[in-house]
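Secondary and tertiary structure notes
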Amino acid sequence: MVVIDFIRKNIPGMLLCAGIGFAAYLFGLKFPVIGGPVTAILLGMIAAPLIRNKGFLQSGITYTSKKILQFAVILLGFGMNISVILAKGAQSLPIILATITTSLVTAFIFSKLLHIPGKISTLIGVGSSICGGSAIAATAPVIDADDEEIAQAISVIFLFNICAAVIFPPLGAALGMTNEGFGLFAGTAINDTSSVTAAASAWDSLHGSNTLSDAAIVKLTRTLAIIPITLVLALVRIKREKAAGGTGFNFVKIFPWFVIWFILASIFTTVFNLTPSVIAPLKWLSKFFIVMAMTAIGLHTDIVKLVKKGGKPIFLGFICWICIIGASLLVQHIMHIW
């Protein structure tokens with residue numbers, strides 16, 4: 001009975017998100033710099049006003065934007081072999097710590113100066129410093145961000161991903177960076193995997209090098225920062241909710257248990273050293289679930305309101321991006337890498 005009720009309530013909306021999401025996923029494969037998640041949000045926002053009777057779809061769309069997004073983060077953990085990533089990415093840790101700290105502090109300070117709501121500034125700060133859409137997907141449920149805030153943050157991150165993919169290769173050449181230095185630069189100062197890949201591939205084609213693998217490893221090392229960041233944010237929220245809720249406070253309901261499952265998935269992959277053939281379909285499903293969830297978020301988002309509110313978040317994203325670039329270059333210079 002419970003299963004039948006779940007199917008009746010949620011499957012229509014989930015199928016809609018899957019259908020639009022699959023089109024966005026295919027577009028993302030064709031144009032990886034844009035990517036599936038951003039395309040999914042845009043298609044969702046375009047489709048929303050065209051759906052006249054959204055009532056029977058609403059439950060499934062909401063389930064996709066909340067629960068499917070959490071499942072995507074859990075599956076992402078299976079792609080994290082902690083020992084392998086840290087063994088190969090240890091050199092980048094000082095730079096990663098510097099860029100993450102810089103982005104979060106910058107986002108906090110400028111959110112106060114610009115009077116930007118705390119949730120959107122947190123999403124932009126985390127998305128800029130860790131791994132773009134994946135970090136936003138992991139952080140949003142923890143801080144209870146709504147769909148419009150998620151869409152806003154993803155849009156801001158996307159804008160500077162495009163800028164980085166175009167600007168970084170000539171910038172690295174102008175600075176006289178080594179292949180090793182550019183791999184660290186791309187991996188620590190670009191926040192989305194597709195744009196890291198685009199920038200590193202462009203560098204390799206210009207210089208006949210093989211920085212793509214190094215940049216990808218650095219990027220994966222950054223992704224591990226999802227664990228401490230989300231747990232700290234969860235503890236902060238729990239403390240606030242406890243102070244505000246009194247006897248009605250519910251730790252079990254508020255705590256983001258999906259983050260624990262993400263950690264366990266990472267540990268499972270590390271302990272049993274899962275092969276690429278096992279990990280690959282799980283990573284694909286994680287990516288597709290994120291695209292589905294972004295479609296649902298797009299279906300819940302008012303594109304006119306998004307554009308009207310976009311000025312300050314874009315400026316905040318720009319400041320974070322510039323500060324991350326500066327921090328990455330400064331620490332590399334101090335470490336005599338380039």
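Placed above this text is the structure.
Residues numbered from 1 in each chain as written. Predicted model: local features only at pLDDT ≥ 70, side-chain atom pairs only at ≥ 80, totals over all residues. Heavy atoms only, no water.

Taken together, the side chains of Val252, Trp257, Trp261, Leu264, Ile267, Phe268, Val271 and Phe272 present a nonpolar region at the surface, about 840 Å² in accessible area. Inspection of the secondary structure assignment puts valine 271 in helix H14 (residues 257–272). (Patch = residues over 30% accessible without salt bridge, like charges linked within 9 Å, V, L, I, M, F, W, Y side chains within 5 Å. Areas by Shrake-Rupley, 256 points an atom, 1.4 Å probe, with all protein chains shown as cover. Salt bridge = Lys/Arg side-chain N within 4 Å of Asp/Glu carboxyl O. Helix = DSSP H or I, 4+ residues; strand = E, 2+ residues; numbered from the N terminus.)

This paragraph deals with the packing of aromatic side chains. The full count for this structure, using the stated rule, is 15 aromatic pairs. Both rings, one in phenylalanine 78 and one in phenylalanine 268, keep their centres 6.4 Å apart while their planes meet at 80°; by these two values the pair is edge-to-face. In this pair, phenylalanine 78 sits in the loop between helix H3 (55–76) and helix H4 (82–89) while phenylalanine 268 sits in helix H14, placing the two residues 190 residues apart along the sequence. When its relative accessible area of 19% is taken as the criterion, phenylalanine 78 is described as buried. Taken together, a centroid distance of 5.4 Å and an interplanar angle of 5° make the contact between tryptophan 284 and phenylalanine 288 stacked. Placement of the pair is tryptophan 284 and phenylalanine 288 together in helix H15 (residues 276–299), with a separation of four residues, close to one helical turn. Phenylalanine 288 gets classed as buried once you look at its relative accessible area, which sits at 9%. Following the ring pairs from residue to residue traces out a cluster consisting of Phe160, Phe168, Phe182, Phe185, Trp203, Phe318 and Trp321. (Phe/Tyr/Trp six-rings, centres within 6.5 Å; stacked < 30°, edge-to-face > 60°. Buried < 20%, exposed > 50% of the residue type's maximum accessible area, 1.4 Å probe, protein only.)

The terminal C-alpha atoms of helix H10 (residues 193–207) lie 21 Å apart, and with 15 residues this matches the ideal 21 Å at 1.5 Å per residue to within 8%. Positive backbone phi, approximately 60°, marks glycine 208, located one or two places after H10. (Expected span 1.5 Å × (residues − 1).)

Here the focus is the packing of helix H6 (residues 118–129) against helix H7 (residues 133–143). Where H6 meets H7, the axes come as close as 9 Å, and the angle between the chain directions of the two elements is 150°. Judged by the inter-axis angle, H6 sits roughly antiparallel to H7. Relative to H7, H6 is oriented so that their crossing is right-handed. Between H6, through Lys119, Thr122, Leu123, Val126 and Gly127, and H7, the contact on the second element is made entirely by Ala135, Ile136, Thr139, Ala140 and Ile143. Broken down by class, the residue content of the contact of H6 with H7 amounts to six nonpolar, three polar and one charged. (Axes fitted to C-alpha atoms, helices over the stretch in contact; angles between N-to-C directions. Parallel < 35°, antiparallel > 145°, perpendicular 65-115°, else oblique. Left-handed = near helix turned anticlockwise from the far one by under 90°. Contact = heavy atoms within 4.5 Å. Nonpolar A, V, L, I, M, F, W, Y, C, P; charged D, E, K, R; others polar.)

These figures capture arrangement, not role.
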